[in-house]
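Coordinates in review
These are the residues of each chain, in order.
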Amino acid sequence: MRTAGAPKLDPAAVERAFVHPSAAKESAETGGRGDSNERLEFLGDSLIGFAVSRHLFERYPEAPEGELALRKSSLVRDAALAETADRLDLGPLLVLGKGLGAAGVPSRSMLADAFEAFVAALARGAGLETAASFVVREHVEPHERAGVPLDDPKTLLQEYSQKRGGAIPRYEEHHEGPPHDRTFFAVVELNGERLAEGAGKSKKEAQRAAAARALERLAERHGDVEGRKLSAPVQSSGRAASKKNRP
C-alpha cells in the first residue's frame, strides 16, 4: 500500500478493514470469527464525509450550499473512492471469499468500501484529525489537482426541481445477478411522474444514470436546464488544517 508516510499502525488493527463479507462468511462457516469490514465501512463513510465537507467549507468560502453539496458528491462517490484505493494499492490487500477471488480484480464498490474501512481503522488507531488529514492529502487534493468533474446529475436534478418549485426527486431501485456481479437498475420519479431509468454496477451509479437521462428529457421539454457558475477556491496551497497531525 502506497500512502506517502501513513502512520505505523499495528497490522492487526487494520486487518479487518480489508476482509470482504464473502471471506468473513466463509471464515465463520469453518469456525473462525467471521469479522468483515462492513462495520468499519459504515464508520469510514461518515468520517470521509466529514473530512471532505470541512475541507470544502474552508476551501470555498464563497460557495453556496448547493455547490458544496455538488463538490462533495463528486468526491465521495464510489468511483472517486475506488480510484484512490487503486492508486494506494489497496486492492491486493483485500481478502475475498473463494468464489469472489476467482472472479479476478476487486470491483469498484469493493475498493471504495475498503478505502472507507481503512479510514475508519486509521481514525480509531491514530485519531480523527490524523484520519481527516489523510483523507484530504491522499484523496481530496489529488482529485482536485486532476480536476474533479462537477457533473453529478442527482444534485443537478434536485437543484433544478427545487428552482422550479417542485418536489425532491424520488428513486426506486432493484438489482439482478449474483453478489459478485450485480447490475443495479433505478427509476427516478419527479412530482409523481416516472421520468427516466438508469443502470449501473452500484445503486448510486444507477441513480446517477437515471438522473442524467431525466435532465436530458427535461431539457428537451423545457429548455431551461442551465449550467452552473462555480466559486473560486481560497488562494492557499498548503492549509494548516491539512498539515496538522500529518500521517
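A brief report on the enclosed structure follows. (Residues numbered from 1 in each chain as written. Predicted model: local features only at pLDDT ≥ 70, side-chain atom pairs only at ≥ 80, totals over all residues. Heavy atoms only, no water.)

1. Regarding the overall build of the protein chain
Heads up, the rule is: The numbering of helices and of strands both runs from the N terminus, where a helix is a DSSP run of H or I of at least 4 residues and a strand a run of E of at least 2. Here the term buried applies to any residue with accessible area under 20% of the maximum for its type, exposed to any over 50%, and partly exposed to those in between, with areas from a 1.4 Å probe on protein chains only. The contact definition used throughout considers only heavy atoms, calling two residues in contact when any of these lie within 4.5 Å.
Looking only at helices and strands, one finds 11 helices and 3 strands in the protein chain. Along its sequence from the N terminus, the protein chain presents helices and strands in the succession α-α-α-α-α-α-α-α-α-β-β-β-α-α. Evaluated residue by residue, the protein chain yields a buried proportion of 43% over its 247 residues. Taking as baseline every contact in the protein chain between residues at least 6 positions apart, the subset at least 24 positions apart corresponds to 63%.

2. Here we look at the nonpolar core
Put simply, the rule reads: Among buried residues, the Ala, Val, Leu, Ile, Met, Phe, Trp, Tyr and Cys ones that are joined through side-chain atoms within 4.5 Å form a nonpolar core.
Of all hydrophobic cores here, the largest spans 37 residues; its most connected members are Ile 48, Val 52, Phe 115, Val 119 and Val 135. The dominant element in this core, judged by the number of residues it contributes, is helix α7 (residues 108-126), at 12 residues. If we skip the residues at most four places from it in the chain, Val 135 touches Ile 48, Ala 51, Val 52, Val 119 and Val 140. Core analysis: the second largest hydrophobic core is formed by 15 residues, Phe 184, Val 188, Ala 211 and Leu 215 among them.

3. A look at the pairing of strand β1 (residues 170-176)
In regular strands, side chains alternate between the two faces of the sheet. As a reminder, the rule being used: A strand pair is defined by DSSP finding two or more bridges across the two strands.
Summarising the sheet, β1 and strand β2 (residues 183-190) pair through 7 bridges and their orientation is antiparallel. Within β2, the residue paired with Glu 176 across the bridge is Thr 183. Taking the residues between adjacent antiparallel strands as the criterion, β1 and β2 are bridged by 6 residues, where Gly 177 takes a positive phi near 100 degrees.

4. Regarding helix α3 (residues 38-59)
Spelled out, the test is: For a helix, the expected span equals 1.5 Å multiplied by the residue count minus one.
When the terminal C-alpha atoms of α3 are compared, their 31 Å separation across 22 residues agrees well with the 32 Å that a helix rising 1.5 Å per residue should span. What α3 keeps buried is the set Leu 40, Gly 44, Leu 47, Ile 48, Gly 49, Ala 51, Val 52, His 55, Leu 56 and Arg 59. The elements touched by buried residues of α3 are α4 (65-76), α5 (78-87), α7 and α8 (128-146).

5. Things to note about helix α10 (residues 203-222)
Between its first and last C-alpha, α10 extends 28 Å over 20 residues, near the 28 Å set by a 1.5 Å rise per residue. Taken as a whole, α10 has its buried residues at Ala 206, Gln 207, Arg 208, Ala 210, Ala 211, Ala 214, Leu 215 and Leu 218. Taken together, the buried residues of α10 touch α9 (153-163), β1, β2 and β3 (193-200).

6. Section: the environment of Leu 75
Summarising the element assignment, Leu 75 is placed in helix α4. With relative accessibility at 2%, the residue Leu 75 sits in the buried group. Sequence separation between Leu 75 and Ser 53 is 22 residues; the distance between their C-alpha atoms is 9.8 Å.

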